[in-house]
Protein chains: 2
Amino acid sequence: MEVTNRYVVITEHVDGPPEERHFKIKSETLSLELESGSKDIIVKNLYVSIDPYQINRMKSYTSSQSAMNVAGPLNSGEAIAANGVAKVVVSGNPEFQKDDLVSGSVTWGEYSVIKPGGSIRKLDLLGFPLSYHVGPLASSGLTAYGGFFKVCKPKRGEKVFVSAASGSVGHLVGQYAKLLDCYVVGCAGTDEKVALLKKLGFDDAFNYKQETDMKATLKRYFPEGIDVYFDNVGAEMLEAALSNMNVFGRVAVCGVISEYTDRNRRAVPDMIDVVYKRITIQGFIYLDFTDIYADFFSTTCDHLRSGKIKPLEDISDGVESIPAAFVGLFHGRNTGKKMVKIAED
Amino acid sequence: MEVTNRYVVITEHVDGPPEERHFKIKSETLSLELESGSKDIIVKNLYVSIDPYQINRMKSYTSSQSAMNVAGPLNSGEAIAANGVAKVVVSGNPEFQKDDLVSGSVTWGEYSVIKPGGSIRKLDLLGFPLSYHVGPLASSGLTAYGGFFKVCKPKRGEKVFVSAASGSVGHLVGQYAKLLDCYVVGCAGTDEKVALLKKLGFDDAFNYKQETDMKATLKRYFPEGIDVYFDNVGAEMLEAALSNMNVFGRVAVCGVISEYTDRNRRAVPDMIDVVYKRITIQGFIYLDFTDIYADFFSTTCDHLRSGKIKPLEDISDGVESIPAAFVGLFHGRNTGKKMVKIAED
């Protein structure tokens, strides 16, 4: 049996802001019969995740070497790896059976071929919607949980600032921080997002596009200084946060979306502040949090069930919507976790 | 009984590179008889330490607020706090007797009046020269030891880069790192200093003034990348080190001398590298290392006795030499720990 598999590819390397013209949908005939002895698994994708960091693999090799070293460079015409949930169509791996639900690394497409060594695992929905297994119970959630608890090392009642706070990770960080009785302020790019953050329990939130002097803005929201900054954006927001940081403050650098598409856009931190205030700035990736995965997963399931953590989801429909969904991330068009629903089941 | 006390003051705030004209020697009559009930201690200074960080207190308040918050601003005409060793002349504090040797926070002058709450303690020479108690056994040593072992968290055999490696702290960091079997490269500003570093046991060293592309230079000295960077200088050296850093690399920011006297001189780190390489950048001050002081002190005494650690000292004579000694730090005129010998005993 054969199907037509439509999947997203880049048409060229993307070194500036991504545009829809950088992508196209490729159609390919995919045989659903495995060659004898093959250990491949073919899955039908249901939901795929759309994440800003994916831009870093789309660049030309030399412009983002450290990113390439983590995930390998992406060439035009190749399927693009992404987290997602999927259903097994055919399996050469005895641990997976037809119709098993799985989650892990698939591709931006209708079908993915998972090679031996690929990173998928069986998925038990545990009563949650499929989309939760792409957002708060998957890499976004683990990024928020590990980044906050393990990298920020927060103490009860500390003052926490989250940038891109209505994004896939930020809105979860703020809610974890509230569960630790922290004072939490988030920033976002529209008044609607700001209102949403307050509804999620953030103590305060502001629209950074309406502010002209970020240092003064943060001073207003944090008259007693910032203890923890969860950075999703980099550049001048990072500078401003450092300048408002308390002694022994911690900065978890989760991502720097404002720097991803412009190599000239950089934070110029005041290192004298870093010394005298004994600030720690730490980059991290959720892949390093395997040691706390079990704790993350059970804690987050509990909070989702009790309603203490409310996920924000932003779901588009169909493989054709992926390029626009991805491009939109860099214009703040998403509210919460951006994903694309490829198929119902 | 009265003495004439000569001490150094600033004539104005110093917001750029310090020059000798910014300083003058003030003479004052000092009574060596304490008022009844006074708990003051008057000490005669023997050696005082000359450190780059002292510039940060000499600036106008607004230009170095975080530094001021640690040590308080310095006004023109005031005695300037500095670490040193001294001898008690008269004491209103029953814990200290005339002729006791002490070490701790004194001033750039011939005599210092230590008020109650001042930070001095009795000094047992333990067979070492007085100067060792200003250098490797005092704040420079603790800064090197704590900065390296506690902040850098080095593992045996890791690749360590030290800037300003022939400075008061750098030359000790390199030697501690060699004792942990690390591969250690230092940079300094003259060929003589480079030769000296190699004699101290650094695996390699280079004269940064003869290099034009610092990223390429570090790539040459660290073909396998840098695991630990002990930063004493900031700016482009920090950028270059980050760009050559291995995954999970650590940067201990001890000082940023190249940025102290020029607010426009800054590091512009590539935060994408910081994220993907999971780099930690941490500022610190030796004052935070009280928990490891005993360990530092006994370990360092042992190494000094066995000759495994060799201090580099750069000693000028007399209170009049302090301004030139201090100004010289910012032109790399010192080799090793800069101090001024005020009196023989």
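Check the entry above for the structure.
Small disclaimer: the values here were computed from a predicted structure and weren't measured.

(A) Geometry of the overall build of chain A. Helices and strands together make up the secondary structure of chain A, namely 11 helices and 15 strands. Computed over its C-alpha atoms, the radius of gyration of chain A comes to 20 Å, within 12% of the 20 Å expected for a compact globule of 345 residues. C-alpha atoms of chain A, sized along the principal axes, occupy 65 × 45 × 35 Å. Every one of the 345 residues in chain A was classed for burial, and the buried ones make up 60%. Considering only intrachain contacts with a sequence separation of at least 6, the fraction spanning at least 24 residues in chain A is 68%. Mean positive and mean negative side-chain charge positions of chain A (39 and 43 charges, respectively) differ by 3 Å.

(B) Structural context of the sheet that holds strand S11 (residues 226-231) of chain A. The strand order S10(A)-S9(A)-S8(A)-S11(A)-S12(A)-S13(A)-S13(B)-S12(B)-S11(B)-S8(B)-S9(B)-S10(B) describes an open sheet built from 12 strands, whose pairing is mixed. Edge positions in the sheet fall to strand S10 (204-207) of chain A together with strand S10 (204-207) of chain B, since each has one partner strand and no second. Within the sheet, the average angular offset between the axes of one strand and its neighbour, ignoring direction, is 15°. Where strand S9 (residues 183-188) of chain B lies against S10(B), four bridges are found, and the strand directions are parallel. Considered in S10(B), the bridge of Cys187(B) is made with Phe206(B). Packed onto the sheet, helix H4 (residues 170-179) of chain B meets strand S8 (159-162), S9 and strand S11 (226-231) of chain B and runs at close to 170° relative to S8(B). Each of S9 and S10 of chain B is contacted by helix H5 (residues 191-199) of chain B, which is oriented at about 175° to S10(B), the strand it contacts most.

(C) Representation of the interface of chain B and chain A. The interface is formed by 37 residues belonging to chain B together with 37 residues belonging to chain A. Together chain B and chain A conceal approximately 3,100 Å² of surface at their shared face, both sides included; 62% is due to carbon and sulfur atoms. Summed over the three residues of chain B that lose the most area to chain A, namely Met271(B), Ile272(B) and Tyr276(B), the buried surface amounts to 23% of that side. At the boundary of chain B and chain A, one finds four salt bridges. Ionic pairing is found between Arg278(B) and Asp288(A), a salt bridge with its closest N-O pair at 2.8 Å. Joining chain B to chain A, the criterion identifies 13 residue pairs in polar contact (both at pLDDT 80 or more). Listing elements by their share of the side of chain B that touches chain A, those giving two or more residues are helix H2 (65-71), strand S12 (245-253), helix H8 (257-260), helix H9 (271-276) and strand S13 (280-283) of chain B. Ranked by residues supplied to the side of chain B that touches chain A, first place goes to H9(B) with six residues. Considered class by class, the residues forming the side of chain B that touches chain A number 21 nonpolar, seven polar and nine charged. Relative to S13(B), strand S13 (residues 280-283) of chain A runs antiparallel, the two being bridged by three bridges.

(D) Local environment of helix H3 (residues 139-151) of chain B. In this model H3(B) runs just 16 Å from its N-terminal to its C-terminal C-alpha over 13 residues, more than 12% under the 18 Å that 1.5 Å per residue would give. Most of H3(B) is tucked away: 11 of the 13 residues are buried.

(E) How the structure looks around the pattern of salt bridges. All names here are of chain B. The full count for this structure, using the stated rule, is 42 salt bridges over all chains. The closest approach of N and O atoms between Glu158 and Lys155, which form a salt bridge, is 3.9 Å. Judged by relative accessible area, which is 11%, Glu158 ranks as buried. A salt bridge links Asp203 to Lys178, with the shortest nitrogen-to-oxygen separation between them at 2.8 Å. With Asp203 in the loop between H5 and S10 and Lys178 in helix H4, this residue pair connects regions lying 25 residues apart in the sequence. Taking the relative accessible area as the measure of exposure, Lys178 reaches 27% and is therefore partly exposed.

(F) Representation of the pairing of strand S15 (residues 337-341) of chain B in the model. All names here are of chain B. Across the five residues of S15, five count as buried, placing the element largely inside the fold. Here S15 shows a buried face lined by Lys337, Met339 and Lys341 and a second buried face lined by Lys338 and Val340. Bridge count for strand S3 (residues 41-49) against S15 is three bridges, and the pairing is antiparallel. Bridge assignment links Tyr47 to a residue of S15, and that residue is Lys341. With five bridges connecting them, strand S14 (residues 313-317) and S15 associate as parallel partners. For Asp317, the partnering residue across the bridge sits in S15 and is Lys341. With helix H11 (residues 322-329) bridging S14 and the parallel S15, this β-α-β connection has right-handed handedness.

(G) View of the packing of H3(B) against H4(B). All names here are of chain B. It is at 9 Å that the axes of H3 and H4 come closest, and there the two elements cross at 45°. Classified by the angle between their axes, H3 and H4 sit oblique to one another. Judged by the twist between their axes, the crossing of H3 over H4 is right-handed. Facing Ser140, Gly141, Ala144, Tyr145, Phe148 and Phe149 of H3, the residues of H4 in contact are Leu172, Val173, Tyr176 and Ala177.

(H) Spotlight on the packing of helix H6 (residues 214-221) of chain A against helix H7 (residues 235-243) of chain A. Residue and element names in this part refer to chain A. Direction vectors running N to C along H6 and H7 enclose 50°, while the axes themselves pass 8 Å from each other. Between H6 and H7, the crossing angle belongs to the class labelled oblique. The chirality of how H6 crosses H7 is right-handed. Facing H6, whose interface residues are Met214, Lys215 and Leu218, H7 presents Met237, Glu239, Ala240, Ala241 and Ser243.

Conventions used here
Residues numbered from 1 in each chain as written. Chains lettered and ligands numbered in written order. Predicted model: local features only at pLDDT ≥ 70, side-chain atom pairs only at ≥ 80, totals over all residues. Heavy atoms only, no water. Helix = DSSP H or I, 4+ residues; strand = E, 2+ residues; numbered from the N terminus. Rg over C-alpha atoms; globule rule 2.2 N^0.38 Å. Buried < 20%, exposed > 50% of the residue type's maximum accessible area, 1.4 Å probe, protein only. Contact = heavy atoms within 4.5 Å. Lys, Arg positive; Asp, Glu negative; His and termini not counted. Charge placed at Lys NZ, Arg CZ, Asp CG, Glu CD. Pairing = 2+ DSSP bridges. Axes fitted to C-alpha atoms, helices over the stretch in contact; angles between N-to-C directions. Buried area = accessible area lost by both parts, 1.4 Å probe. Salt bridge = Lys/Arg side-chain N within 4 Å of Asp/Glu carboxyl O. Polar contact = N/O pair within 3.5 Å; in protein donor to acceptor, adjacent residues only side chain to side chain. Nonpolar A, V, L, I, M, F, W, Y, C, P; charged D, E, K, R; others polar. Expected span 1.5 Å × (residues − 1). Right-handed = clockwise from strand over helix to strand, strands pointing away. Parallel < 35°, antiparallel > 145°, perpendicular 65-115°, else oblique. Left-handed = near helix turned anticlockwise from the far one by under 90°.

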